[in-house]
Amino acid sequence: MGNSYAGQLKTTRFEEVLHNSIEASLRSSHLVPRPIFSQLYLEAEQQLSSLEGGSRVDNEEEEEEGEGGLEPSSPPNPYQLQPPPEGCCTTDGFCQAGKDLRLVSISSDPIDVPAGFLLVGAKSPSLPDHLLVCAVDRRFLPDDNGHNALLGFSGNCVGCGKKGFCYFTEFSNHINLKLATQPKKQKHLKYYLVRNAQGALTKGPLICWKGSEIRGRQTSARTGASSLFPPLESSGPLAAFPNEPSPGANPSVLMGTQQAGAASDHPSLSAAPGPPLFNGRDSPKHQQLPKSNLPVPPRPAALGILSNSGPPKKRHKGWSPESPSATDAGCLPGAGTRAKCESAGVSCLPSAGLLGAAPVAFPVVASGEPVSVPDNLLKICKAKPVIFKGHGNFPYLCGNLNDVVVSPLLHTCYRNSQSISRAYEQCGATTIQPISEEMQLLLTVYYLVQLAADQVPLMEDLEQIFLRSWRESHLTEIRQYQQAQPQLFPPTPSAAAPVTSAQLPWLAGLAASSCNDSVHVIECAYSLAEGLSEMFRLLVEGKLAKTNYVVIICACRNAAIDSCIAVTGKYQARILSESLLSPAEYQKEVKAELVTGKVDSLGAFVSTLCPEGDIDVLLDKFHQENQGPMSSSLTTPSIPQAASVDVSGAPVCTNSSTQNLDLGSFEKVDFLICTPPSEVTYQQTLCHVWHSGVLLELGLEEEHVTKQRVEQYVLKLDVEAQTKFKAFLQNSLQNPHTLYVLIHDHAHWDLMSSAVQNLCSQSEPCVGLVDRLLNCREVKEAPNIVTLHVTSFPYALQTQHTLISPYNEIHWPASYSNGADLYHENKKYFGLAEFIESTLSGQSLPLLRYDSSFEAMVTALGKRFPRLHSAVIRTLVLVQHYAAALMAVSGLPQMKNHTSVETLEIAQNLLHAPAQCPRGHGLMVLLRVPCAPLAAVAYERLAHVRARLALQERFEIVLGNPSAGVTVGKHFVKQLKVWQNIEDAAWRPQTYLELEGLPCILILGGADPLGESMPRSLRYCDLRLINSSCLARTALEQELGLAAHFVSSELPSDKGPRSEALESDPEKLSTTDNEEEEPGTEGAHAFPAPVCFAAGSASERRSPVTRDRPCSQDSASSPLSSTASGSALAGEAGAPPAGPLQREQARSPPPCGPSKEGRVPGEKPRSRASQGPPPAASTHSPGRRSLHTAVTSSCQPSSSGSCSLASAAASSALVLQAPQCSLAKACRQPPIVFLPKLVYDMVLATDSSGLPKAASLLPSPSVMWASSFRPLLSKTMTSTEQSLYYRQWTVPRPSHMDYGNRAEGRMDSFHPRRLLLSGPPQIGKTGAYLQFLGILSRMLIRLTEVDVYDEEEVNIRLGEESDWRYLQLSDPWPELELFKKLPFDYIIHDPKYEDASLICSHQQSITSEDGGTSRKPEDLYVRRQTARMRLSKYAAYDTYHHCEQCHQYMGFHPRYQLYESTLHAFAFSYSMLGEEIRLHFIIPKSKEHHFVFSQPGGQLESMRLPLVTDKSHEYIKSPTFTPTTGRHEHGLFNLYHAMDGASHLHVLVVKEYEMAIYKKYWPNHIMLVLPSIFNSAGVGAAHFLIKELSYHNLELERSRQEELGIKPQDIWPFIVISDDSCVMWNAADVDCAGERSREFSWTERNVSLKHVMQHIEAAPDITHYALIGMRKWSSKTRASQVREPFSRCHVHDFVILNVDLTQNVQYSQNRFTCDDVDFNLRVHSAGLLLCRFNRFSVMKKQIAVGGHRSFHITSKVSENAAAVVPAQYICAPDSKHTFLAAPAQLLLEKFLQHHSHRFFPLALKNLSHPVLSVDCYLNLGPQVSVCYVSSRPHSLNVGCSKLVFSGLLLYLCDSFVGAGFLKNFHFLKGATLCVICQDRNSLRQTVVRLELEEEWQFRLRDEFQTANAAEDRPLFFLTGRHI
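The rules we used
- Residues numbered from 1 in each chain as written.
- Predicted model: local features only at pLDDT ≥ 70, side-chain atom pairs only at ≥ 80, totals over all residues.
- Heavy atoms only, no water.
- Buried < 20%, exposed > 50% of the residue type's maximum accessible area, 1.4 Å probe, protein only.
- Helix = DSSP H or I, 4+ residues; strand = E, 2+ residues; numbered from the N terminus.
- Pairing = 2+ DSSP bridges.
- Salt bridge = Lys/Arg side-chain N within 4 Å of Asp/Glu carboxyl O.
- Phe/Tyr/Trp six-rings, centres within 6.5 Å; stacked < 30°, edge-to-face > 60°.
- Lys NZ or Arg CZ within 6 Å of the ring centre and 35° of its normal.
- Axes fitted to C-alpha atoms, helices over the stretch in contact; angles between N-to-C directions.
- Expected span 1.5 Å × (residues − 1).
- Contact = heavy atoms within 4.5 Å.
- Nonpolar A, V, L, I, M, F, W, Y, C, P; charged D, E, K, R; others polar.
- Parallel < 35°, antiparallel > 145°, perpendicular 65-115°, else oblique.
- Left-handed = near helix turned anticlockwise from the far one by under 90°.

A. Molecular detail of the pairing of strand E27 (residues 1232-1235). Here E27 shows no split at all, with Ile1232 and Phe1234 on one side and Val1233 and Leu1235 on the other all buried. Across 3 bridges, strand E24 (residues 1018-1022) lies against E27 in parallel orientation. Following the sheet pairing, Cys1021 is matched in E27 by Val1233.

Structure representation (structure tokens):
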């Protein structure tokens, strides 16, 4: 062996060094050996190896041919094309006669097809995108099952018509296929061609070359099998799926599932084209070999008929058991659908053998003579050896093929692992080589050596070993790649020299030498055939009795290796061979063994193990000796007592900023819950819905809902589901304003594609039903259907192709809540993580156990009966153990030796528990038997034993069949009725929850649990019979989920863990399904249905149904063990008696034990309701949401429709015995779970991160790993992170319903109305989603409501006392002359100015010194009063409103492109500012018709204005301007509905810095952008610019239209200035019986803004009014305020302004507050009319953001954001006062509002002596009154001759104010003066100009300024006293 090395040894101590290094590596704790061989070889070897590796990698991508890839051959066939005849056509796609054969060209041509011929499509390597049309004799094509094709060929050319081609080689030359390899019909004839409805020829199904040996490009039937015993999906044929590249590092592998279907009729799945992976000799390194001149025989074709297992026919020289793959990578209609090992004979070749297993295509080629499998191999070895193909070629097998199983899974793993470096290669790191084949094999040997005798190899382990080894060997390169450093020089070669193929056998043998023969290495000289023959010989001779694994290596073939690994250990081989059966095959095989009587010998053998011979004889003997019936302990009388349940709800967080689902367009909620086809689950869900009160809450049903009415809301997904579902779809179509929630419960069940179902037999009508119904086009496209998937195991819905957005996942309960509000202190959730933790903690007896004596007996019998499936053996042994245990407990103690300790414990507790309870409560034993026929066998056997032992009345045996209900004997029904206080004679339990307290064995059949909840009395969960070979995460967790439990941790229990909190994280491993409790918590996930579960403590449920709670067991929870799922929530999700879905709340007898809580204080027992579900008493525990273990009422109504409550024992006599009650015990401790040893080890083993190994298994059989190059799951991952992990690293198989999702060509393939709710088993998801429905319903109502200000007008009693009133009450418009006589009411009545200074007038009757200051100062900051109003159809909306009608108006409709806008400058001069004002308009294209441009797209000239004489009702004449800041989302700018669709011009007035955000949210609105100098200005500046712009525009329009002959006075002069919070408008309808009658009544109704505006605009003489407004709405409006239709007073919020009349009256551009009051006073003093329409009112919405709240006053220098108090807003000039970052004007106004008494001390609470305010109104606070006068000539002012003022305020006074003007007023002695100017210079000039020093005394210290820096232009003021 040493001579085979290319280099020479560096040292003679080679063997010693090598042995030491391998031994050190074996003893290391790492599975990956260090690169230890570098010191042993010379450079020659190193260079040779690296060259070899280089050629392999560099050329790996070269081999590609069409979809299928080249056929593998030994070395490649040196096939030479014959030169074509001279002059013939050689064009691709044409025959040699020059005729076009391409399908696309001749699809419509008539083609003459002779009888017996078929048209088929051939693939040419040079035309990968075309099919060539050929006519072929059908006898030479396979039938539908891939069989019976005659050898040879007969075909015609359809182009030139030439006939009689007898050889495919000749034919391929004629049609110019131009092949580089031996032509084979199996390889190049791909598809049948068929005519479509239009008569055109199209590509049809694949030709099923099932017996051929074409190497498909897939390396195996599944890509990352989770184990050597993969989880297998449900059987059944799978359809041929469209080719689609499989994502990930190994795109060339794509077989749909891991299981086989029935052999003869299963279409296989197509594998997609992709970068090739090479198998065996056809990889590029083989093609590089020099071609020899020796003739190489063509590869023989395999026989197509299985029945001939003898020597092959002469032509074939041997035959292969492999099933061929499809020519285009595996899509053959007859190929298998999983990685079925070619289990000899039965499934190696197509056949309808015993199991009907469909073999799968294997990508390896065989050569040489076949290897004969010896007869009686199974009998000798006691197990079928499983042979895993490795590298290179695998020989043919013949002979006794039934006794071996061949699998490609290891080959797949090798290939996948060689592709792991591609992620790096794509980024240019070309120097990184994949792990070599030699190293892969050596690592595999290392791995096998380290496996214990009872361990089974896992594919995931091997993949991770390869990955870590590769990473370690390329650490430097990987780091360089990750840091993305430019590589100027290629990295130097690694110091570790690769293992060569010549060294490999010796190194492998050396590694195996330390394992005591458990791994045996066989080296072959020429081919694997000799090694296999040697292995079979050693097996037959019994020399491998201690060997578990045989590694066969052939490494002498030009440096390339062939290898395979045979598993010969009896334990491992049995598990692995059985794991390769699909679930359907497994059931079929078991059924066959039962039917054919193979089991009888086992049964007879087991029975004879009894000490007295046959166990049945012993039973009969015992029966005869004990004829008298045994007394039953189940007849204890009960003491009925009412119970009640406390439930708190969870508030919901909403976010409706999505356009996918406009909740505002829906009026109510309806729902349909889809459950799996389990009668118990169906009844459980019915019961839960019935008791939850959700139907009453949603308004779907009236009072007294019957169970029959509830049935229309729950759909069982069985054969009859389609009719009910169609009715649901019909309803959704007919009610577009109802939001339908389609709840898919137990959503991980049946993910099969409906395309697959179409090929399934009628015996499985439910397969694919979910896809057919829930994914149908009608559901996907319905805008009012939201689909909510609910599951504990969401993994298969989290793939690369999922329809559910990660933002629409709710992981519940949320991890961040830490259980704070979810648990009562004494309640704890036990899920999988808690079970594992309790087992590892060592503080108590473990909750997870395995039965070693049972496993030993099963193993021994497995060797004795090798042909029986282990499930059969396990079942019979376990049933026998139960029988023996029952006998031992019943008086046959000698049977104790014939059962296990564990089973004996179960039997003892089952029989003795009822005797320990005064009421006879017992415990439940759950025996899980996944195979239905075996479940029936177990039931019959145990029932027989029970009858023989006369135990019929001691415990019940219930057979749980998914398709049937619960059957319980009459005696036990009677007892349940007594316990549960049920009077209905016809009552029968329908759910397992209703069996609470019943001593029973529940034998749960069915392939999978389907969401059935277990009662609290479940004590033992016996899972020893679960199919341990099908290891997938979902399968494991849902079996263990049966034991998930809430326990009371009040009292320490004898067994089970203590109540201390556990450490692991809940969200990590938990999961599942139908239960009942409180809705959980989850952050604000933005699902399109903007709803999510959010944490909260107050009860939000207003359910009409109440809940009952037992006095004995109240809710409880420990400080939430974090191991459940986030924080597992317990309790009844706000649904009343948690009814059927949660064991905590099953109708059940309450535990007899005392409770520390007893009754909630003050709670009285409730009597049960006579009708309908039980009434609820809802008690709220302060600050904490309780979990309630309610012992609730029955799920089944009694004859009167009532549902009786659970009775509770309250007698003090029972208290002493209470701890003995099994039900009370069960409430305090979780069940004990028994597992198979294999599963036990899997669950308890942890990976490097501490995560249980079970979590890293393939998540579900219906998905596959996208790549071997993936990280491990981490223990620290949250559920959200796990979801993202699976979304990245898993892809659905073709049989999965999501498989075709990405094929639609959309990158974003998430469905906007799909949600996923996941949480641990039995945590309360059912209650959560039922409460979610209620919350959703309340949200819809809330979305149609709005909070509007509802405040009474202020200062009513201070109103003007005048004889003049507008007494013509029925006038629709004011009569001008009459209106002019009305006095102006100076008093401000708007409630928002309640804290503003009163304005005095001469008509005021001032009767009190403190009038108008009734509010205490501390009341000023009380929240303003609001009322919740339902939005009318005429409301204004914010950006969250989306409906079909206004989508175009908003510019958001998906059909419309976002509106284009143009920016236009508009300038005008204004003398008061002393400069030109330059504004910008943003005008959407759709609104350009409102403007005049110099030319299309040119300069903006003006905004069009209508004429006063226009009478059209189609539009609103007045342009509306809405100044706004900080309310881009919440401002009510959508006036479409308010205007009732009428045309109108609406302009948003925004600040420059907010332009972009407003434009984003309102793309179809016109924006007026203020100059940047106004960015920090207040609303006064906006009003000022709106008015000035409008007047300038009026002049422009007058001049423009004057040219058209229109008079200037005919141009409409009005504009509307509206607040951004005006939401609705109302009109008061008045009924007055006569003009002056005292009888007066009025009603108010919502009207559109269009109605209001058109009414006002139609008023006669309207142009004589300067300012028009309306009332602010209030529910407290008095009749007197509406009686007079018009008032002359202040107007606010929504004003109609005549810009013509008010030309010379300006808004104050500096103002932040009260600018409208100031403007009203200016307008009135100018002699203009203000009119308020009292019969109209405006409602203002309370908006919590933006507006005046946008201004925050903070320090300019300090980083501390603390608010500054108003007293600090002013300071002395030149002081070191801290300057503030706020406008000077704002500081002034705020200071005067709060501290004006410092300047005007005499005015405080002195209405008789107000402050004289000249030309302005400033708010001096509510305790100071002011008198406004105008200095303008001819202005209207209050008569002040009799008034004596307490102060004078001169604010920025202009030249109209002179010294003479001020001498007209009289002041109190000591009155104060305040002069305010822009700067100190102006201040002095004003004092001098107004001669103030004559009457006022000033001091230097009386000068102040606002607390602004000089650059912020502070205001200065001077104060003085009157002399």
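After that view, the rundown keeps rolling.
B. Representation of the pattern of salt bridges. Within this structure, the stated rule accounts for 60 salt bridges. For the salt bridge of Lys1756 with Glu1911, the shortest nitrogen-to-oxygen distance reads 3.6 Å. Highlighted residues: Lys1756 in the loop between strand E47 (1754-1755) and strand E48 (1770-1771) and Glu1911 in the loop between strand E54 (1896-1906) and strand E55 (1916-1922), separated in sequence by 155 residues. Residue Lys1756 is classed as partly exposed on the basis of its relative accessible area, which comes to 36%.

C. Highlighting the packing of aromatic side chains. Applying the stated rule across the entire model yields 39 aromatic pairs. The ring of Phe1269 carries the charged tip of Arg471 above its face, separated from the ring centre by 5.4 Å. Over the ring of Tyr1020 we find Arg1019, and its NZ or CZ is 5.8 Å from the ring centre.

D. The arrangement of the sheet that holds strand E18 (residues 809-811) in detail. On the basis of which strands lie adjacent, the open sheet formed by 6 strands has the order E15-E14-E16-E17-E30-E18 and parallel pairing. This sheet does not close on itself; its edge strands, each paired only once, are strand E15 (714-716) and E18. Between one strand axis and the next, the sheet turns through 20° on average, direction left out of account. Where strand E17 (residues 785-791) and strand E30 (residues 1314-1318) come together, 5 bridges link them in parallel fashion. The partner of Val790 across the bridge, within E30, is Leu1317.

E. Spotlight on the pairing of E30. Most of E30 is tucked away: 5 of the 5 residues are buried. Neither face of E30 is open: one carries Arg1314, Leu1316 and Ser1318, the other Leu1315 and Leu1317, and all of them are buried. Two strands pair when backbone bridges link them, and E18 and E30 are joined in this way by 3 bridges, in the parallel orientation. For His811, the partnering residue across the bridge sits in E30 and is Ser1318.

F. Structural view of helix H28 (residues 870-889). Taking 1.5 Å per residue as the helical rise, H28 with its 20 residues ought to reach 28 Å, and the 28 Å between its terminal C-alpha atoms agrees with that figure. By the criterion of burial, H28 is predominantly enclosed, with 19 of the 20 residues buried. Once H28 ends, the next one or two residues include Gly891, with phi positive near 120°.

G. Representation of the environment of Ser601 within the structure. Tracing the sequence through the fold places Ser601 in helix H17 (residues 598-607). For the pair formed by Ser601 and Phe865, sequence separation is 264 residues and the distance between their alpha carbons is 8.9 Å.

H. View of the packing of helix H18 (residues 615-625) against helix H30 (residues 932-948). Two elements in contact, H18 and H30, have axes separated by 8 Å at closest approach and are oriented at 35°. Of H30, the residues touching H18 (which contributes Ile615, Asp616, Leu619, Asp620, Phe622 and His623) are Arg941, His944, Val945, Ala947 and Arg948. Each residue belonging to the contact of H18 with H30 can be placed in one class, and the counts come to 5 nonpolar, 2 polar and 4 charged.

I. Highlighting the packing of H28 against helix H29 (residues 901-912). Close contact between H28 and H29 brings their axes to 8 Å; oriented N to C, the two are set at 50°. Between H28 and H29, the crossing angle belongs to the class labelled oblique. The way H28 lies across H29 gives a crossing that is right-handed. Together, Leu878, His881, Tyr882, Ala885, Leu886, Ala888 and Val889 of H28 and Thr903, Leu904, Ile906, Ala907, Gln908, Leu911 and His912 of H29 make up the contact between the two elements. Broken down by class, the residue content of the contact of H28 with H29 amounts to 10 nonpolar, 4 polar and no charged.

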